[in-house]
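If you want the building blocks of each chain, they are given just below.
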Amino acid sequence: MKLINKARISATGFALVAFVAVSGSFLETAPAHAKAPPQPAVLNASAIAVADQFSAEAAEQIFKEGGNAVDAAVAIAFTLAVTYPEAGNIGGGGFMTLYMDGKPYFLDYRERAPLAATKNMYLDDQGNVIKGMSLFGYRAVGVPGTVDGMWEAHRRFGKLKWKQVLAPSIEYARDGFFVSNQLEQRRREFEEQEFVGKTNFETYFSNLKAGLTFRQPDLAAVLTRIANDGAKDFYDGKTADLIAAAMRGHGLITKRDLQEYKAIWRQPIEAKWNGYEVITAPPPSSGGIGLVQLLKIKADLAPDFNYITLNSPQYVHLVAEIEKRVFADRAQYLGDPDFYKVPVAQLTDDAYLAKRAAEVNPAGPSDTKSVQPGLGTSMPEKAETTHFSVIDKWGNAVSNTYTINGYFGSGVVVEGTGILLNDEMDDFSAKPGVANVFGVVGSDANAIEPKKRPLSSMSPTILTKDGKVSLVIGTPGGSRIFTSIFQVITNVYDFKMPLPDAVAAMRFHHQLLPPNTIFWEPYKPIEGRLAEQIEAKGYVLKGQDFNGDIQVIKVNGNTPEPVADPRGRGVTRVIP
Ligand code: DON
């Protein structure tokens, strides 16, 4: 499958009851947070960086109606489920990092494995991984979390009525939206893949053609029911019945899976770096730990990086050396913290990271086999995506990454709903040591178990200084997510680049396996003299057909500066 188509930490979260009584009053009137005393504005505007123009319109409308960052985020998420079907979703899941009223929060609404899932469900009789099975069709689908995640974020922090924030998405589904060239192109590339023809994808999406208006009446009906009945419709109502019916005889998800799904508030990872507090994603993401490791090991190696030009051969080498160690830890120790004790504190400990920094060889690539997980093997073995960033004028921020995994997910659409389902089961380790679609391997920590969440790399991140938001950032890209965020943060704070340049700069990626391989991106390929110099250091260069899509907001004084990655069709708005 093509990729394009596709600390002070407590790892344990606490579950909130997902289905608060769906009283008419909650749906018709504003949620509890709206009654909080009004805060003084601390910024001269609200701002967003989002994946398309329609979600930008939705957010602007919500801010003009008096909504806060969470109201805008929920409106953006539901709108992208309509207008950005390759990754926006209600059939997938994700993570939301929030900074509300001066405090950090993290909401995990990642998909879970169905109750009937088994460790070897993607292996044949010989124990080999069956091609495509965790990527396409009904059996690739994890129990979706997005609707409960949005419901839970809004229940806790929203100001406007639930119906109000759903309204823009219903209009786009019912009345349609103009299809962009990029969306049609991605749809065509998806359909070219083996196995897609066995799904019902084309029945719903073959009319995604550039310049035409695309309407989704079934999806409009689902969104209207969710607006009227809340998340209950998706997990225990008519939509739940339709999902369970579509799965019967094809996939594993039952109505009980949906009824038992819960989004979880977890303690975010918080780490001090360069005078900032980094607030980012804890497990079941590997991304927050990876990002903190990258930032701190690089800071430990400051003398080696001194006077080294950004993206020079030596810079690429030193970063690849750090990435080798980060990905060795990822493969061994990371999984769902509700099933496996992830050693989060040890993995982000300053003394441990200084030890890892000392292992970096400035002269040339370390032998891949010599790079082992850093905490030793005494640790117990058992135990296409889109991002948006939002800040409101009260200084609250939402950094949200959600996904159906590959672009257009499993290709399965729930009959009668227009809901495109995820293929998130591929993020599990189907067999220890066998790579998934992003080329990353895993251990028992990320083996399939009923109700377990697959390991993710999504890393919605917020940087604060003196209690105020400085940066809101994230991107799609699978295992490239946290290495991309790391590069942009480094460009901004270490290289002092203006934000648009920091985002546009060339990015590269290394992940331990394949050995000594540096991946480059189509937007700014590594070629010519630079390619020769990197190869001369002992690396193999490999192109990939995927560009990241960073959506970021930086706060300068009291003015927010949003930037959308020139690699995508993202849009920014500053709303006074
Ligand atoms: O959770 C993860 O890490 C992946 N499922 C994210 C997939 C992704 O970013 C796809 N975008 N290219």
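Residues numbered from 1 in each chain as written. Predicted model: local features only at pLDDT ≥ 70, side-chain atom pairs only at ≥ 80, totals over all residues. Heavy atoms only, no water.

## Some details on the packing of helix α2 (residues 53–64) against helix α5 (residues 162–175)
Thought 1: Taken N-terminus to C-terminus, the directions of α2 and α5 make an angle of 150°; their axes are 10 Å apart at the nearest point. One finds that α2 runs roughly antiparallel with respect to α5. Crossing of α2 against α5: the hand is right-handed. Seen from α2, the contacting residues are Phe54, Glu57, Ala58, Gln61 and Ile62; seen from α5, they are Gln164, Val165, Pro168 and Tyr172.
Thought 2: The residue inventory of the contact of α2 with α5, partitioned by class, reads 6 nonpolar, 2 polar and 1 charged. (Axes fitted to C-alpha atoms, helices over the stretch in contact; angles between N-to-C directions. Helix = DSSP H or I, 4+ residues; strand = E, 2+ residues; numbered from the N terminus. Parallel < 35°, antiparallel > 145°, perpendicular 65-115°, else oblique. Left-handed = near helix turned anticlockwise from the far one by under 90°. Contact = heavy atoms within 4.5 Å. Nonpolar A, V, L, I, M, F, W, Y, C, P; charged D, E, K, R; others polar.)

## Here's the deal with the packing of helix α3 (residues 69–83) against helix α8 (residues 217–229)
Thought 1: The contact between α3 and α8 brings their axes to 11 Å, and the two run at 165°. By the criterion of interaxial angle, the relationship of α3 to α8 is roughly antiparallel. The handedness of the crossing between α3 and α8 comes out as right-handed. Contacts between α3 and α8 involve Phe78, Ala81 and Val82 from the first element and Leu219, Leu223 and Ile226 from the second.
Thought 2: By residue class, the composition of the contact of α3 with α8 is 6 nonpolar, no polar and no charged.

## Considering the nonpolar core
Thought 1: Within the largest apolar cluster, 164 residues are counted, with the highest numbers of intra-cluster contacts made by Phe78, Ile90, Val390 and Ile489.
Thought 2: At 12 residues, α3 tops the list of elements feeding residues into this core.
Thought 3: Setting aside anything within four residues of it in sequence, one finds isoleucine 489 in contact with Trp273, Leu291, Leu295, Leu463, Leu471, Ile473 and Asp494.
Thought 4: In terms of nonpolar packing, the next biggest core, distinct from the first, is built from 12 residues, Leu43, Ala49, Ile279 and Ile553 among them. (Core = buried A, V, L, I, M, F, W, Y, C linked by side-chain atoms within 4.5 Å. Buried < 20%, exposed > 50% of the residue type's maximum accessible area, 1.4 Å probe, protein only.)

## Considerations on the site of the ligand
Thought 1: The full set close to the ligand counts 17 residues, and Glu384, Thr385, Glu424, Asp427 and Ser456 are the nearest of them.
Thought 2: A distance of 2.6 Å separates a nitrogen atom of the ligand from a polar atom in the side chain of aspartate 427.
Thought 3: Taking 340 Å² as the accessible area of the ligand by itself, protein coverage stands at 99%.
Thought 4: In terms of residue class, the shell around the ligand is built from 5 nonpolar, 7 polar and 5 charged. (Near = heavy atom within 4 Å. Polar contact = N/O pair within 3.5 Å; in protein donor to acceptor, adjacent residues only side chain to side chain. Areas by Shrake-Rupley, 256 points an atom, 1.4 Å probe, with all protein chains shown as cover.)

## A word on unusual backbone geometry
Working note: non-glycine residues mostly have negative phi, and peptide bonds are mostly trans.
Thought 1: For the bond from proline 283 to proline 284, the omega torsion is 15°, close enough to zero to count as cis.
Thought 2: As for its position among the elements, proline 284 is in the loop between β9 (276–280) and α12 (287–300).
Thought 3: The omega angle of the peptide bond from leucine 513 to proline 514 is -5°, so this bond is cis rather than trans.
Thought 4: Tracing the backbone through its elements, the reader meets proline 514 in the loop between β16 (508–509) and β17 (517–520).
Thought 5: Although it is not a glycine, asparagine 405 adopts a positive phi angle of roughly 75°.
Thought 6: As for its position among the elements, asparagine 405 is in the loop between β11 (397–403) and β12 (413–414).
Thought 7: Look at lysine 451: it is not a glycine, yet its phi comes out positive at around 70°.
Thought 8: Within the secondary structure, lysine 451 sits in the loop between β13 (419–420) and β14 (461–465).

## Some words on the side chain of asparagine 491
Thought 1: With respect to the secondary-structure elements, asparagine 491 resides in helix α17 (residues 481–493).
Thought 2: Polar contacts involving the side chain of asparagine 491 include one to the main-chain carbonyl oxygen of alanine 502, which spans 3.0 Å.
Thought 3: Beyond its immediate chain neighbours, meaning those up to four positions away, asparagine 491 contacts Leu310, Lys496, Met497, Ala502 and Ala505.

## Notes on the side chain of serine 479
Thought 1: Its location among the elements puts serine 479 in the loop between β15 (468–474) and α17.
Thought 2: At 3.1 Å, the side chain of serine 479 and the side chain of arginine 480 are in polar contact.
Thought 3: Among all residues touching serine 479, those that are not within four sequence positions of it are Phe327, Phe438, Val440, Ser457, His509 and Gln511.

## Topic: the environment of leucine 212
Thought 1: Tracing the chain through its elements places leucine 212 in the loop between α7 (201–205) and β6 (213–214).
Thought 2: Apart from the residues lying within four places of it in its own chain, the contact partners of leucine 212 are Phe177, Phe178 and Val179.

## Structural notes on the sheet that holds strand β19 (residues 551–556)
Thought 1: One open sheet accounts for 6 strands, arranged β8-β9-β14-β15-β19-β20; its pairing is antiparallel. Edge positions in the open sheet fall to β8 (269–273) and β20 (559–564), since each of these has one partner strand only. Within this sheet the neighbouring strands show an average axis-to-axis angle of 20°, counted without direction.
Thought 2: The sheet contact formed by β14 and β15 spans 5 bridges and is antiparallel. The residue of β15 that forms the bridge with leucine 463 is leucine 471.
Thought 3: Docked against the sheet, α12 engages β8, β9 and β14, running at close to 15° with respect to β8. (Pairing = 2+ DSSP bridges.)

## With respect to the UniProt feature "active site" (unreviewed entry) in the protein chain
Thought 1: UniProt records the feature "active site" (unreviewed entry) at Thr385, using the numbering of this structure.
Thought 2: Mapping threonine 385 onto the fold places it in the loop between α16 (350–359) and β10 (386–391).
Thought 3: Apart from the residues lying within four places of it in its own chain, the contact partners of threonine 385 are Ala87, Thr401, Tyr402, Thr403, Asn405, Met458 and Pro476.
Thought 4: One polar contact links threonine 385 to threonine 403, side chain to side chain, over a distance of 2.7 Å. (UniProt positions renumbered as here; feature names shortened; annotations may be inferred.)

## A short note on α2
Thought 1: Taking 1.5 Å as the rise per residue, α2 with 12 residues should run 16 Å; its terminal C-alpha atoms sit 17 Å apart, in good agreement.
Thought 2: Every buried residue of α2 is listed here: Phe54, Ser55, Ala56, Ala58, Ala59, Glu60, Ile62 and Phe63.
Thought 3: For α2, the side-chain oxygen to backbone nitrogen distance between the N-cap and phenylalanine 54 is 3.3 Å, and the N-cap itself is aspartate 52.
Thought 4: At the exit of α2 stands glycine 66, carrying a positive phi of roughly 100°. (Expected span 1.5 Å × (residues − 1).)

## Re the pairing of β10
Thought 1: Burial within β10 is extensive, with 6 of its 6 residues counted as buried.
Thought 2: Burial along β10 is two-sided: Thr386, Phe388 and Val390 facing one way and His387, Ser389 and Ile391 facing the other are all buried.
Thought 3: Here strand β2 (residues 46–50) runs beside β10; their pairing, made up of 3 bridges, is antiparallel. Its bridge partner lying in β10, alanine 49 is registered against serine 389.
Thought 4: Sheet topology note: the β10/β11 ladder contains 6 bridges and is antiparallel. Bridging across to β11, histidine 387 finds its partner in threonine 401.

## Section: helix α19 (residues 528–536)
Thought 1: Taken as a whole, α19 has its buried residues at Leu530, Ala531 and Ile534. For α19, the angular spread of buried residues about the axis comes to 100°, placing them on one side. Away from the buried face of α19 by more than 90 degrees, exposed residues Arg529 and Ala536 are located.
Thought 2: Against α14 (313–333), β17 and β18 (540–543) lie the buried residues of α19.
Thought 3: Count one or two residues on from α19 and you reach glycine 538, which has phi positive near 110°. (Arc of directions from axis to C-beta.)

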